[in-house]
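Listed below are the residues making up each chain.
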Amino acid sequence: MTEDESGIGGKIMTKWVVTSAWPYSSDIPHLGNMIGSVLSADVFARFNRLVGNDVVFVSGSDEHGTPLEVEALKRGIPVRELADQNHERISDLFRRWNISYDNYTRTDSEAHWKFTRELYTQIYENDAFIFTQIERIHYCTYDERFLPDRFVEGTCPYCGYERARGDQCDNCGRPLDAERLINAYCIICKNRTVLRETKQWFFDLPKMSDYISDFLSRAELSTNVIRFCRGWIKDGLRPRSITRDSKWGIKAPFPGAEDKTIYVWMDAVLGYVSAVIEYFEKRGTPDKWREYWLDPEAKTSFFIGKDNIPFHAIILPSLLRASGQRYNEPNLISSTEFLNFEGQKFSKSRRVGIWTDEALELLPADYWRFALISLRPEAGDVNFGWESFSEKVNNDLNDTIGNFVNRTLVGVSRFAGNRFELALGDLPEDFSELVTEAQNRHIDIKNLFEKVELQSACRAIVAQGYEANKFLSSTEPWKVVKEDRQKALQILYVALSSLKLLASELYPIIPETSLKITSQAGVFKKSAGEPRWSDASLDVDLPIIAKDVQPIFSKVKPEELRQRLEAIRAGK
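Residues numbered from 1 in each chain as written. Predicted model: local features only at pLDDT ≥ 70, side-chain atom pairs only at ≥ 80, totals over all residues. Heavy atoms only, no water.

**Digging into the nonpolar core**
Then comes step 1: The biggest cluster of nonpolar side chains holds 105 residues, and the ones touching the most others in it are Leu-31, Trp-368, Phe-384, Phe-420 and Phe-449.
Then comes step 2: Examining the composition of this core, we find that 12 residues originate from one element, helix α18 (residues 485–506), more than from any other.
Then comes step 3: Once residues within four sequence positions are removed from consideration, Phe-449 is found in contact with Val-43, Phe-44, Phe-47, Leu-454, Ala-457, Ile-461, Glu-505, Pro-508, Ile-509 and Trp-533.
Then comes step 4: The next biggest cluster of nonpolar side chains, apart from the first, holds 60 residues, and it includes Trp-22, Trp-232, Ile-242 and Ile-333. (Core = buried A, V, L, I, M, F, W, Y, C linked by side-chain atoms within 4.5 Å. Buried < 20%, exposed > 50% of the residue type's maximum accessible area, 1.4 Å probe, protein only. Helix = DSSP H or I, 4+ residues; strand = E, 2+ residues; numbered from the N terminus. Contact = heavy atoms within 4.5 Å.)

Laid out in structure tokens, this is it:
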């Protein structure tokens, strides 16, 4: 494998905007949120950097949603104060999870306000896609205010779920118009609402139907994205409200809409562009964002949960196209199914699931990162629990990968006097073939990462470690060295070659552990210990001098973890 193939040499390099869905800043994310967008996007971003692509990885806190207003009301504090507090908490958690954002921003940033208002002004000036309409909105006579969608709950008209929100049913996933809710009530005071008329500004999404159908036929979309979007188009696209009656949010730029703000979903999806603009403004190159969003050679990718599909696959490309500017369309939309916890949906009120701050109090981030990617719900909903988590940690991380790495590096110290200098040319043919087979698996794993088959990539990496570990067990260099030191060193060469490949393969998923391996083994000398995908030869790192060799994982017990989590929650 050459540098030209990977792009490390600079001859082949793709510009990627990698994005993850913006988490609501009303609360911290749970493990389902993490795998549904944030962690998956981070793995893809890290992989693309590893192979030499030019990546800008962005996201931010979604602060203009009504969940934040609801939570602020419950706490009796100003919305902005809660937004500031939670943005800092969430940002810190993502740093501790080793999420490698280039810019984790917020929807209340100056850059986002400016871009959102400018884009809607451009759409409005096209005089074709925005119109006004009198809308019947839920009004609370007790609180004397119009109620945003999330301030209203009732029975879903499609599936009968009794706690459907005003904008979407969490049970069946269907987007809703609040006035179709049955037995609607105000979530602030629990009183029944009344419908009153108010003027709103709408985006004429049906006019984009042909464009969206064409786009869906060209984009690299996962099966569930295509299925979901085709269903929307079959049912007929409907106009989407741009404005709402609320003081919290971005002020609408339309004449006569001075008392309106932009509806949260019609605001947040534009953050993928504004976050890149802000990133380059902070770097002192304010026009460089155009190379990533307006150059057709650049690519964009979106990592989301299945409940966010229509906003990213239909509404976002429609808004960008309607502006009259030639923004790049989404090249890749990777949508996951839901991660459930021990057979139930995550629920903080019912204490079902694990939240990202709690997870880090129990174990290092890499344990969770690996388990979540290995169980990533790509083809259907997946059940996550203490038993499945412990199995991944104990069997895959500790017994397979950790055991292999430790045995190999201990061998360097014991059999090579901690100075391993044997080269590939010193191997017999059958051992050279094993090195080639491992490098071929390395190429296969790269292909899986590129196709965003992250669960399969994770399994293939474990298989790489399993084959290497099995080779050590079958050849027993600790016995061979007593009679034939040269052969023991040849065995070690095969193992060390696989170890180096594993270090780069693991880096997108468990970066901290990967760097521990490279540090203990002293590999990737050309890049100061930072893994590079195309640097697959062991010879360039000779001599190998093992340093501070110690186990990189330890086993876990499900019941102990469960009890510790209960203790953590009791302490809070």
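**Some thoughts on the side chain of Arg-369**
Then comes step 1: Within the secondary structure, Arg-369 sits in helix α13 (residues 365–374).
Then comes step 2: A residue is classified by how much of its surface remains accessible, and Arg-369, at 0% relative accessible area, is buried.
Then comes step 3: Polar side-chain contacts of Arg-369 include one of 3.2 Å to the backbone oxygen of Asn-98.
Then comes step 4: Those residues in contact with Arg-369 that sit more than four places away from it in its chain are Leu-39, Asp-42, Val-43, Arg-46, Trp-97, Asn-98, Ile-99, Pro-508, Ile-509, Ile-510 and Pro-511. (Polar contact = N/O pair within 3.5 Å; in protein donor to acceptor, adjacent residues only side chain to side chain.)

**Details of the sheet that holds strand β8 (residues 182–186)**
Then comes step 1: With respect to topology, 3 strands assemble into an open sheet ordered β7-β6-β8, the strand pairing being antiparallel. Two strands in the sheet have a free side with no partner beyond their single neighbour: β7 (164–165) and β8.
Then comes step 2: Two strands pair when backbone bridges link them, and strand β6 (residues 152–155) and β8 are joined in this way by 3 bridges, in the antiparallel orientation. Across the sheet, residue Glu-153 finds its bridge partner in β8, namely Tyr-185. (Pairing = 2+ DSSP bridges.)

**Considering the packing of helix α2 (residues 31–50) against helix α15 (residues 429–450)**
Then comes step 1: The interhelical angle for the contact between α2 and α15, taken along N-to-C directions, is 130 degrees, at an axis separation of 10 Å. The angle between α2 and α15 places the two elements in the oblique class. At the point where α2 passes α15, the crossing takes the left-handed sense. Between α2, through Val-43, Phe-44 and Phe-47, and α15, the contact on the second element is made entirely by Lys-446, Phe-449 and Glu-450.
Then comes step 2: For the contact of α2 with α15, the per-class residue count stands at 4 nonpolar, no polar and 2 charged. (Axes fitted to C-alpha atoms, helices over the stretch in contact; angles between N-to-C directions. Parallel < 35°, antiparallel > 145°, perpendicular 65-115°, else oblique. Left-handed = near helix turned anticlockwise from the far one by under 90°. Nonpolar A, V, L, I, M, F, W, Y, C, P; charged D, E, K, R; others polar.)

**Quick look at the environment of Asn-394**
Then comes step 1: Mapped onto the fold, Asn-394 is located in helix α14 (residues 386–415).
Then comes step 2: For Asn-394, a relative accessible area of 13% puts it in the buried group.
Then comes step 3: As for Asn-394 and Arg-196, which are separated by 198 residues in sequence, their C-alpha atoms are 59 Å apart.
Then comes step 4: Not counting residues within four places of it along the chain, the set of residues in contact with Asn-394 comprises Asp-399, Lys-555 and Val-556.

**Describing the confidence of the model for the protein**
Then comes step 1: Looking at the protein as a whole, the pLDDT averages 93, with 98% of positions reaching at least 70.
Then comes step 2: Under a pLDDT of 50 for its full length, residues 1–10 has, in the predicted model, 26 contacts with residues more than four places off or in other chains. (pLDDT = per-residue confidence, 0-100.)

**Quick look at helix α6 (residues 209–218)**
Then comes step 1: Considered for burial, the residues of α6 that qualify are Tyr-211, Ile-212, Phe-215 and Leu-216. Within α6, the buried residues cover an arc of 130 degrees as seen down the axis, which keeps them to one side.
Then comes step 2: Considering only its buried residues, α6 is in contact with β10 (220–221), α7 (223–235) and α11 (309–322). (Arc of directions from axis to C-beta.)

**Thoughts on the packing of aromatic side chains**
Then comes step 1: Scanning all chains against the criterion turns up 33 aromatic pairs.
Then comes step 2: Relative to Trp-533, the ring of Phe-47 has its centre 5.6 Å away and its plane inclined at 85 degrees; by these criteria the two rings are edge-to-face. In this pair, Phe-47 sits in helix α2 while Trp-533 sits in the loop between α19 (511–521) and α20 (558–571), placing the two residues 486 residues apart along the sequence. For the pair Phe-47 and Trp-533, one class covers both residues: buried.
Then comes step 3: Geometrically, the ring pair formed by Phe-115 and Tyr-327 is edge-to-face, given 6.2 Å between the ring centres and 85 degrees between the ring planes. In this pair, Phe-115 is assigned in helix α5 (residues 110–125) and Tyr-327 in the loop between α11 and β15 (332–336), connecting sequence segments 212 residues apart.
Then comes step 4: In textbook terms, an aromatic cluster arises when at least three aromatic residues are bridged by ring pairs, as seen for Phe-341, Phe-346, Trp-355, Trp-368, Phe-384, Trp-386 and Phe-389. (Phe/Tyr/Trp six-rings, centres within 6.5 Å; stacked < 30°, edge-to-face > 60°.)

**Brief notes about the pattern of salt bridges**
Oppositely charged side chains may form a pair once their charged atoms are brought near each other.
Then comes step 1: Enumeration over the complete set of coordinates arrives at 34 salt bridges.
Then comes step 2: Among the ionic pairs, Arg-562 bridges to Glu-342, the shortest N-O distance being 3.5 Å. Note that Arg-562 is positioned in helix α20 and Glu-342 in the loop between β16 (339–341) and α12 (356–362), a separation of 220 residues in sequence.
Then comes step 3: The class for Glu-342 is partly exposed, based on a relative accessible area of 38%.
Then comes step 4: Residue Asp-541 pairs with Lys-500 through a salt bridge whose shortest N-O separation is 2.6 Å. Separated by 41 residues along the polypeptide, Asp-541 in the loop between α19 and α20 and Lys-500 in helix α18 bring together distant segments of the chain. Lys-500 carries the same exposure label as Asp-541, and that label is buried.
Then comes step 5: When salt bridges that share partners are traced, they join Asp-214, Arg-218, Arg-321 and Glu-329 into one network. (Salt bridge = Lys/Arg side-chain N within 4 Å of Asp/Glu carboxyl O.)

**Some thoughts on helix α3 (residues 66–75)**
Then comes step 1: The complete set of buried residues in α3 reads Thr-66, Pro-67, Leu-68, Glu-69, Val-70 and Ala-72.
Then comes step 2: Check the buried side of α3 and you find it contacts α4 (79–96), β5 (145–146) and β12 (243–244).
Then comes step 3: Looking one or two residues past α3, Gly-76 carries a phi angle of roughly 70 degrees, positive in sign.

**Structural notes on the sheet that holds strand β1 (residues 15–20)**
Then comes step 1: Spatial ordering of the open sheet is given by β3-β2-β1-β14-β15-β10, a layout of 6 strands whose pairing is parallel. The strands lining the two open edges of the sheet, one partner per strand, are β3 (103–106) and β10.
Then comes step 2: Looking at chain direction, β1 and strand β14 (residues 299–305) are connected through 5 bridges and run parallel. The residue of β14 that forms the bridge with Val-18 is Ser-301.
Then comes step 3: Of the strands in this sheet, β10 and β15 touch α7, which is tilted by about 95 degrees from β15.

**Concerning the side chain of Asn-86**
Then comes step 1: Among the structural elements, Asn-86 can be located in helix α4.
Then comes step 2: Engagement of the side chain of Asn-86 in a polar contact is seen with the backbone oxygen of Ser-25, the distance being 2.5 Å.
Then comes step 3: With sequence-adjacent residues up to four places away left out, Asn-86 is seen in contact with Ser-25, Ser-26, Asp-27 and Leu-68.

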